[in-house]
Amino acid sequence: MGSYLKTVIQNLLKGPSTDPYPFGKTFEPKGLRGKIRFNSQACVACRTCEHVCAGNAIRIKEAEDKSGLHFVVWHNTCAFCGLCEHYCPTKAIRMTADYHTAHSQAEKYNYVEQGFIKYVPCSCCGKPMIPVAAELLALAYKETANVEFLAQLCERCRPGNRLRKEE
Ligand code: SF4
Ligand code: SF4
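Calculation rules
- Residues numbered from 1 in each chain as written.
- Chains lettered and ligands numbered in written order.
- Predicted model: local features only at pLDDT ≥ 70, side-chain atom pairs only at ≥ 80, totals over all residues.
- Heavy atoms only, no water.
- Helix = DSSP H or I, 4+ residues; strand = E, 2+ residues; numbered from the N terminus.
- Contact = heavy atoms within 4.5 Å.
- Near = heavy atom within 4 Å.
- 1 Å grid on protein atoms, 1.4 Å probe; cavity = no way out; pocket = protein on both sides within 12 Å on 5 of 7 lines; lining within 4 Å.
- Sits in = over half its atoms within 2 Å of the grid points.
- Phe/Tyr/Trp six-rings, centres within 6.5 Å; stacked < 30°, edge-to-face > 60°.
- Buried < 20%, exposed > 50% of the residue type's maximum accessible area, 1.4 Å probe, protein only.
- Points joined across faces, edges and corners; volume = space filled by probe spheres on them.
- Nonpolar A, V, L, I, M, F, W, Y, C, P; charged D, E, K, R; others polar.
- Polar contact = N/O pair within 3.5 Å; in protein donor to acceptor, adjacent residues only side chain to side chain.

### Description of the side chain of His75
So, step 1. In this fold, His75 is placed in the loop between β3 (68–74) and α3 (83–87).
So, step 2. Contact partners of His75, with chain neighbours within four places excluded, come to Lys35, Ile36, Phe80, Tyr111, Val112 and Glu113.

### A few points about the site of ligand 1
So, step 1. Contacts to ligand 1 come from Cys53, Ala54, Gly55, Ile58, Cys78, Ala79, Phe80, Cys81, Gly82, Cys84 and Met95.
So, step 2. One can see that ligand 1 is located within the largest cavity.

### A short note on the packing of aromatic side chains
So, step 1. Inspection of every chain in the model, using the stated rule, returns 2 aromatic pairs.
So, step 2. Centre to centre, the rings of Phe38 and Phe71 are 3.7 Å apart; their planes meet at 5°, and the pair counts as stacked. Residue Phe38 is located in strand β1 (residues 36–38), and its partner Phe71 is located in strand β3; the two are separated by 33 residues in the primary sequence.
So, step 3. Among the residues examined, Phe38 registers a relative accessible area of 9% and is labelled buried.
So, step 4. Overall, the relative accessible area of 1% leaves Phe71 in the buried class.

### Looking at empty space enclosed by the protein
So, step 1. Enumeration according to the criterion identifies 2 cavities of 30 Å³ or more in this entry.
So, step 2. Approximately 80 Å³ is the volume attributed to the largest cavity.
So, step 3. If you go around the largest cavity, you meet 15 residues; those closest to its centre are Ile36, Cys53, Cys78, Cys81 and Cys84.
So, step 4. Residues of the lining of the largest cavity, tallied by class, amount to 13 nonpolar, 2 polar and no charged.
So, step 5. Of the pockets and cavities examined, the second largest cavity occupies roughly 70 Å³.
So, step 6. For the lining of the second largest cavity, the class distribution of residues is 12 nonpolar, 2 polar and 1 charged.

### A word on the side chain of Glu50
So, step 1. Tracing the backbone through its elements, the reader meets Glu50 in helix α2 (residues 48–52).
So, step 2. Polar side-chain contacts of Glu50 include one of 3.0 Å to the side chain of Arg47.
So, step 3. Setting aside anything within four residues of it in sequence, one finds Glu50 in contact with Ile58, Arg59 and Ile60.

So, in structure tokens, the structure goes:
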């Protein structure tokens, strides 16, 4: 009886040994695949993520006024497989360690990660185009020094102007 009481007192003093979540902070396992984060500045709208998405959670759709592309990831359809992050050539998609996915039914249509990729006019032909980061062009046109200039051109004007300098 004495040792039993001792154990009870010891345990009472130690406090709960179970995880305090959801009332307190809990641990995040290393490598946890949580909610997607999207960076519209880095996206080149190649649609690879939409194509490989196991959960059919990604939609890339042109805006009604044709000013750019809406990008949406539905968190409650995402299967956290990580394929989008793996195949994105520009690292525009990142998986975070945020695993908090509970939400009310009323919130289900707002439970998204989204961004807008605004078209810019090509400085050569004027056609609306998706901006491409100069860093990416530097990878594609290794021998060309004027990537800042090429970044202002659409994919049709770029090859013919790759050796030209900005005027
Ligand atoms: S993690 Fe998988 S299911 Fe989720 S958005 Fe990316 S590809 Fe789709
Ligand atoms: S997020 Fe990545 S894979 Fe998806 S469209 Fe943009 S650049 Fe392509």
